Amino acid sequence: NAGVMQNPRHLVRRRGQEARLRCSPMKGHSHVYWYRQLPEEGLKFMVYLQKENIIDESGMPKERFSAEFPKEGPSILRIQQVVRGDSAAYFCASSPGQSQETQYFGPGTRLLVL
Amino acid sequence: ILNVEQSPQSLHVQEGDSTNFTCSFPSSNFYALHWYRWETAKSPEALFVMTLNGDEKKKGRISATLNTKEGYSYLYIKGSQPEDSATYLCAFIHYGNNRLAFGKGNQVVVIP
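All of these numbers come straight from a predicted model, not from anything done at the bench.

(A) Seen up close, the overall build of chain B. Looking only at helices and strands, chain B features zero helices and 11 strands. For chain B, the α and β elements follow one another from N to C terminus as β-β-β-β-β-β-β-β-β-β-β. By the compact-globule yardstick of 13 Å for 112 residues, chain B fits well, its C-alpha radius of gyration being 13 Å. Taking the principal axes of the C-alpha coordinates as reference, chain B spans close to 45 × 30 × 20 Å. Taking the contacts inside chain B whose residues are at least 6 apart along the sequence as the reference set, 55% of them involve residues at least 24 apart. When the accessible surface of chain B is split by element, carbon and sulfur atoms take 45% of a total near 5500 Å². In chain B, the 10 positive side-chain charges and the 10 negative ones have mean positions that sit 6 Å from each other.

(B) Layout of the interface of chain A and chain B. If you look at the interface, chain A gives 22 residues, while chain B gives 19 residues. Of the roughly 1700 Å² buried where chain A meets chain B, counting both sides, 57% is carbon and sulfur surface. Across the contact surface, chain A and chain B share one salt bridge. Between Arg99 of chain B and Asp56 of chain A there is a salt bridge; the shortest N-O distance is 3.0 Å. Between chain A and chain B we count five residue pairs in polar contact (both at pLDDT 80 or more) in total. Looking at the side of chain A that touches chain B, the elements that each hand over two or more residues are β4 (31-37) and β5 (43-50) of chain A. Residues that form the side of chain A that touches chain B fall into these classes: eight nonpolar, nine polar and five charged.

(C) Highlighting the sheet that holds strand β3 (residues 19-24) of chain B. Residue and element names in this part refer to chain B. Strand order across the open sheet formed by five strands is β1-β3-β8-β7-β6, with antiparallel pairing between neighbours. A single partner strand is all that each edge strand has here, and the edge strands are β1 (5-7) and β6 (56-59). Between one strand and the next, the sheet's axes are offset by a mean angle of 15°, whatever the strand orientation. Here three bridges tie β1 to β3, and the two strands are oriented antiparallel to one another. Residue pairing across strands places Gln6 opposite Cys23, the latter belonging to β3.

(D) Seen up close, the pattern of salt bridges. Residue and element names in this part refer to chain B. With the rule as written, the count across this model stands at nine salt bridges over all chains. The partner of Asp84 in a salt bridge is Arg61, and the shortest N-O contact between them spans 2.8 Å. Remark: Arg61 occurs in the loop between β6 and β7 (62-67) and Asp84 occurs in the loop between β8 (72-77) and β9 (86-94); sequence separation between them is 23 residues. One connected set of salt bridges, linked through shared partners, spans Arg37, Glu39, Lys42, Glu45 and Lys59.

(E) Quick peek at the packing of aromatic side chains. Residue and element names in this part refer to chain B. Applying the stated rule across the entire model yields 16 aromatic pairs over all chains. When the centroid spacing of 5.6 Å and the interplanar angle of 45° are considered together, the rings of Phe21 and Tyr88 count as tilted. Taken together, the positions of Phe21 in strand β3 and Tyr88 in strand β9 put the pair 67 residues apart, joining distant regions of the chain. Residue classification places Tyr88 among the buried positions, given a relative accessible area of 0%.

(F) Focus on unusual backbone geometry. Between Asn7 of chain A and the following residue, Pro8 of chain A, the backbone shows a cis peptide bond with an omega angle of -5°. Its place among the elements puts Pro8 of chain A in the loop between β1 (5-7) and β2 (10-13). The linkage connecting Ser7 of chain B with the following residue, Pro8 of chain B, adopts the cis geometry, with an omega of -5°. In this structure, Pro8 of chain B sits in the loop between β1 and β2 (10-14). Positive phi is not limited to glycine here, since Ala41 of chain B has a value of about 70°. Taking the relative accessible area as the measure of exposure, Ala41 of chain B reaches 60% and is therefore exposed.

(G) Looking closely at the pairing of β3 of chain B. Residues and elements named next belong to chain B. Only one face of β3 is covered, namely the one carrying Thr19, Phe21 and Cys23; the face carrying Asn20, Thr22 and Ser24 has none of its residues buried. Across six bridges, the pairing between β3 and β8 is antiparallel. Residue Asn20 lies in a different strand from β8, and its bridge partner there is Tyr76.

Definitions and cut-offs
Residues numbered from 1 in each chain as written. Chains lettered and ligands numbered in written order. Predicted model: local features only at pLDDT ≥ 70, side-chain atom pairs only at ≥ 80, totals over all residues. Heavy atoms only, no water. Helix = DSSP H or I, 4+ residues; strand = E, 2+ residues; numbered from the N terminus. Rg over C-alpha atoms; globule rule 2.2 N^0.38 Å. Contact = heavy atoms within 4.5 Å. Areas by Shrake-Rupley, 256 points an atom, 1.4 Å probe, with all protein chains shown as cover. Lys, Arg positive; Asp, Glu negative; His and termini not counted. Charge placed at Lys NZ, Arg CZ, Asp CG, Glu CD. Buried area = accessible area lost by both parts, 1.4 Å probe. Salt bridge = Lys/Arg side-chain N within 4 Å of Asp/Glu carboxyl O. Polar contact = N/O pair within 3.5 Å; in protein donor to acceptor, adjacent residues only side chain to side chain. Nonpolar A, V, L, I, M, F, W, Y, C, P; charged D, E, K, R; others polar. Pairing = 2+ DSSP bridges. Axes fitted to C-alpha atoms, helices over the stretch in contact; angles between N-to-C directions. Phe/Tyr/Trp six-rings, centres within 6.5 Å; stacked < 30°, edge-to-face > 60°. Buried < 20%, exposed > 50% of the residue type's maximum accessible area, 1.4 Å probe, protein only.

Shown next as structure tokens:
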């Protein structure tokens, strides 16, 4: 049973470009969470999705960031017109159900904006 | 803003010694506390999910306790081994939402 998969593992973008980060949850998991770790900071919640629905996006910046979890395929975190401050490690986690249950983390995507 | 504090931020432990560290969190509207172990260049690995006041959980030489009334959890490592070197994260879940609010972690280095 494969764990949470994220790709790419490393992504380099120039300012103004778009970044697309993908997350495939563990088999049987319908809940996906995205977290961001800025340099010298801890993990911060961004968004919580279930299949085809955004449940909680209170941690996501209002502009340039969007997330989806379609019926088929991976969850996508999309950052438009990236800026240097977006450079961070982005982690995805999945769980089979509610928040009391363990969230299983992927290996992360390291985004570097030049 | 949910403040989750972990102390000490980092510690060095001699192989064979036991150690412990603290996670403090808001005591109101508690829902659950998660502990993770995070090795460099790997994914955070789930250790425990704790929900009830007085909970004690154990996994090998690692154990944790929970006090929801005063808002703290202790993580213990008994007989530390070099492979225990990692950052230990605690994360709090507030009643009514699903997001993990993480502390900055306790970085443990076990010296052979």
